[in-house]
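# Summary of the model geometry
Read off the chains here:
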Amino acid sequence: MSTVVAIGADAGSTTTKLVGISHDGVIVWETIEPTEPRMREQLERLLATIPGSGGSAGPTVPVVATGYGRNLVDTKHRRVTEITCHATGVYRSIRSSGTLIDIGGQDSKVIVIDAAGGVVNFAMNDKCAAGTGRFLEVVAARMRESVQDFAALALSSPEEVAISNTCTVFAESEMVSLLAQGHAIESISRGLHRALARRVASLARSAGAVAPLMMSGGGAHNVALRALLENELGAAIRLPAKPQLMGAYGAALLALRRAAA
Amino acid sequence: MSLANQLRYHLNVSIVGNSVLRLQRWQGEWQMSRPGSWQNAHIAPPVAVAPRLKELISRHYLKGQYAHLGRKVAWVTSGAPVEFLVALGYFVLYPENHAAVCGIRRMSESLCTAAEDAGYSPDLCSYARTDIGSVLTGKTPVGKVPRPDVLVCCTNICQTVLFWYRVLAHHFNVPLIVIDTPFLYTEATERAVAYVKAQLEDAVIVAERVAGRSLGFDKLKQATRYSRQACELWMKIMECGQHRPAPITAFDEFFHMAPIVEMRGEAFTVDYYAALLAELEQRKANNIGAVTVESKRLLWDNLPVWHRVRWLSEMLAERQVALVASTYTNAWGELAHLVDPERPMESAATVYLHPILNRGTGHKLKTMRRMVDDYQADGVILHSDRSCKPYSIGQIGQRNRLADELGAPALLLEADHNDPRAFSNEQVATRLSAFLELLEK
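Source: prediction; values computed, not measured.

## Notes on the overall build of chain B
From N to C terminus, chain B includes 19 helices and eight strands. Across its three principal directions, the C-alpha atoms of chain B cover 65 × 55 × 50 Å. The proportion of buried residues among the 441 residues of chain B is 58%. Excluding contacts between residues fewer than 6 apart, the proportion of contacts in chain B whose partners are at least 24 apart in sequence is 80%. Of the accessible surface of chain B, which amounts to about 18,000 Å², a share of 53% is contributed by carbon and sulfur atoms. In chain B, 48 positive and 46 negative side-chain charges are present, and the distance between their average locations comes to 4 Å.

This is the structure we're talking about:
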């Protein structure tokens, strides 16, 4: 295995991701686990597990931290927001300008990227879990399904129930009342994914989205969300190889760039 | 005012109060002059006249505390014509300013909650909720707020004030003067000016009746003259921000604007701004920036987030960003040229029709474009204020057009001017940091 020369740590609200890259910017080490309440200790523990990177003394190679927990890493490490990191990671992976949609655990972002890979504009959901991965986690759990199985149900349904609420809490109660009215789980699931896709599409349009569309974050793994987003925005979505790791990967690339500077 | 009350008023305000406040000012000036008294490495020490500002504001509220001894009290909206009230000797109180003071002193949340407990919707403007909460509980950070004898509500800033002031009129059982200002999609028509002027003339009659005296035309002209002088000086103060490095930021202006809002038409306001301008000119000459190292310059749109002014100011200064101007503070200076002391009623009708909030969103975009150029701003922060819809409407389009047509990146920042519960530190910090990363690239 190539040596890790730079590390990106993405301490998100739902999962924590670490990526180690080689000199040529290729991912040579990665880890992902649910974010623990003691984020600082978790980050220190994970940083110590990176092969050949200092052990318990902490990494000897440059580190860039991102995500909501970015301020919890040692102050010697640089902190960069997930907007810049996701844009950097995805641009390197897909090598294209366009609009990146990142559906994370507790927020969603639309990032417009220029031809040089820089962020031109961005928009995020505000003070509300509507339009985020959490929305689907909550509704899928209510149906006792995994998020992936719940998405598959949505795609299997030719019918779609209109869900008027994008509020996570109210959508859950609306879903329960639709079940009580006898609607099929499949068509409710499709309706819920549609509501989420519409919300994100509206965010994308407000940010002045331009083609091609790209996706990152855990939400990119959701086939139903992806299909309905393509439908709402009228364009195909391109995916990087490891969408969920793009924040950490971008952070590692920035660490490498800084080390080279 | 009886002779005994007159004596008591002057003893408490002019003699004891003024002396104590003067002493406090000297103390402040002495403390500021001590080496090492300023610790922030990213922000320049406050201007030397800052203790005078504190003295002015404290004296204003002190006058309010003793107003019951004989002065009539008017509560007015921030955009209301005030010169005729000043000329009639009223003590003028601005509930919006008072609410902002509550916000700065971290009292607005409990006062908003008190209003909500009384049945007012959390969707109502947080200034209105703070003010109503203060009226209902009697709680205030300024000692005591005097009861109004008359209310003056001008609709040139929003429509919420209409309902807010009706609530106040009902609560205090006092006359309510409403001055309706037709919205200006383009220019003010002669008819619109005549309509507002007629209402002003009616307002004077009510205010004279409540005050028990007649309006002296010379006094009105004098108050109007002071208003114009103060507005002109305020504009020049803000224009100092065009210098690199900017000797004053919009964060500073949010505090220094208190006199232009609540003490318009007074001679001491003119004196204060003349002193502030002189000091800023000196700072310009010496290239002293309000932010120690100024790398980027931003324009702010909308009201401040009163409960986070310091936090935001320190965060930007640490990143070497100076907030060089704001459309909000600009609103109190840009109309100075329309004020004509020789035609006080006609010019008031024109001036009070033209605030930025009484004009179309196209006008605001034009103002922002001009300010981006004049102040050489690298970007714009548009505060999307949950509590101020008239100011926030159109901001998504404005953000996109600023970026596309001017190449000035613009950030939409969701917050609330006075309700900390509608503000998320972490979310704002992430958005601001990402925006600054975008500017730094």
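From this point on, the discussion continues.
## Things to note about the nonpolar core
Core analysis: the biggest nonpolar cluster contains 171 residues, and A:Phe122, B:Phe84, B:Leu85 and B:Tyr90 have the highest contact counts within it. Setting aside its immediate chain neighbours within four residues, B:Phe84 contacts B:Leu200, B:Ala203, B:Val204, B:Ala207, B:Leu215 and B:Leu220. Judged by nonpolar contacts, the second largest core, of 33 residues, contains A:Ile101, A:Val200, A:Leu203 and A:Leu228.

## Quick look at empty space enclosed by the protein
Counted by the stated rule, this structure contains one cavity of 30 Å³ or more. Of the pockets and cavities examined, the largest cavity occupies roughly 30 Å³. Taken together, A:Val120, A:Asn121, B:Arg399, B:Ala403, B:Pro409 and B:Ala410 form the lining of the largest cavity. Those elements giving two or more residues to the lining of the largest cavity turn out to be strand S8 (119-124) of chain A together with helix H18 (395-406) of chain B.

## A short note on the sheet that holds S8(A)
Residues and elements named next belong to chain A. Within the open sheet, the five strands sit side by side as S8-S7-S6-S9-S10. Their pairing is mixed. Every other strand in the sheet has two partners, leaving S8 and strand S10 (237-238) as the edge strands with one partner each. In this structure, strand S6 (residues 98-103) lies alongside strand S9 (residues 213-216), joined through four bridges in parallel fashion. When the sheet's bridge partners are listed, Ile 101 is paired in S9 with Met 215. Lying on the sheet, helix H2 (residues 82-94) is in contact with S6, strand S7 (108-113), S8, S9 and S10; it crosses S7 at an angle near 55 degrees.

## Things to note about the interface of chain B and chain A
The interface of chain B with chain A comprises 21 residues on the first partner and 21 residues on the second. Of the roughly 1,600 Å² buried between chain B and chain A on both sides combined, carbon and sulfur atoms contribute 48%. Across the chain B-chain A interface, the total number found is zero salt bridges. Here chain B and chain A share four residue pairs in polar contact (both at pLDDT 80 or more) between them. Those elements giving two or more residues to the side of chain B that touches chain A turn out to be H18, strand S8 (410-415) and helix H19 (425-440) of chain B. For the side of chain B that touches chain A, the element with the highest residue contribution is H19(B), accounting for ten residues. Each residue belonging to the side of chain B that touches chain A can be placed in one class, and the counts come to ten nonpolar, five polar and six charged.

## Let's talk about the pattern of salt bridges
This structure, assessed with the given rule, holds 36 salt bridges over all chains. Of the charged contacts, one joins B:Glu281 and B:Lys284 as a salt bridge, the two residues approaching to 3.4 Å between their closest N and O atoms. With B:Glu281 and B:Lys284 both in helix H12 (residues 267-285) and three residues apart, this pair spans about one turn of that helix. Given the relative accessible area of 36%, B:Glu281 is considered partly exposed. The salt bridge partner of B:Asp301 is B:Lys364, with a shortest N-O separation of 2.8 Å. With a gap of 63 residues between them, B:Asp301 in strand S5 (residues 296-301) and B:Lys364 in helix H16 (residues 361-374) connect regions that are remote in the sequence. A relative accessible area of 0% means that B:Asp301 is categorised as buried. Looking at B:Lys364, the relative accessible area reads 5%, which means it is buried. Sharing partners across several salt bridges, the network here consists of A:Glu160, A:Arg190, A:Arg194, A:Arg198 and A:Glu232.

## Side note on the sheet that holds strand S4 (residues 63-66) of chain A
Residues and elements named next belong to chain A. In spatial order, the strands read S3-S2-S1-S4-S5; together these five strands make up an open sheet with mixed pairing. Of all the strands in the sheet, the pair left with one neighbour each is strand S3 (27-34) and strand S5 (78-79). Sheet topology note: the strand S1 (residues 6-11)/strand S2 (residues 15-21) ladder contains six bridges and is antiparallel. Looking at S2, one finds that Ala 11 is bridged to Thr 16.

## Description of the packing of aromatic side chains
Residues and elements named next belong to chain B. Taken as a whole, this structure holds twelve aromatic pairs over all chains when the rule is applied. Considering the side-chain rings of Trp 75 and Phe 172, the 5.1 Å spacing of their centres and the 70 degrees angle between planes classify their relative orientation as edge-to-face. Taken together, the positions of Trp 75 in strand S1 (residues 73-76) and Phe 172 in helix H7 (residues 160-172) put the pair 97 residues apart, joining distant regions of the chain. Each member of the pair, Trp 75 as well as Phe 172, is classed as buried.

## Focus: the environment of B:Gln159
Mapped onto the secondary structure, B:Gln159 falls in the loop between strand S3 (150-154) and H7. Considering only alpha carbons, one finds B:Gln159 and B:Asp180, 21 residues apart in sequence, at a separation of 9.7 Å.

Conventions used here
Residues numbered from 1 in each chain as written. Chains lettered and ligands numbered in written order. Predicted model: local features only at pLDDT ≥ 70, side-chain atom pairs only at ≥ 80, totals over all residues. Heavy atoms only, no water. Helix = DSSP H or I, 4+ residues; strand = E, 2+ residues; numbered from the N terminus. Buried < 20%, exposed > 50% of the residue type's maximum accessible area, 1.4 Å probe, protein only. Contact = heavy atoms within 4.5 Å. Areas by Shrake-Rupley, 256 points an atom, 1.4 Å probe, with all protein chains shown as cover. Lys, Arg positive; Asp, Glu negative; His and termini not counted. Charge placed at Lys NZ, Arg CZ, Asp CG, Glu CD. Core = buried A, V, L, I, M, F, W, Y, C linked by side-chain atoms within 4.5 Å. 1 Å grid on protein atoms, 1.4 Å probe; cavity = no way out; pocket = protein on both sides within 12 Å on 5 of 7 lines; lining within 4 Å. Points joined across faces, edges and corners; volume = space filled by probe spheres on them. Pairing = 2+ DSSP bridges. Axes fitted to C-alpha atoms, helices over the stretch in contact; angles between N-to-C directions. Buried area = accessible area lost by both parts, 1.4 Å probe. Salt bridge = Lys/Arg side-chain N within 4 Å of Asp/Glu carboxyl O. Polar contact = N/O pair within 3.5 Å; in protein donor to acceptor, adjacent residues only side chain to side chain. Nonpolar A, V, L, I, M, F, W, Y, C, P; charged D, E, K, R; others polar. Phe/Tyr/Trp six-rings, centres within 6.5 Å; stacked < 30°, edge-to-face > 60°.

The values are spatial; any link to function lies outside them.
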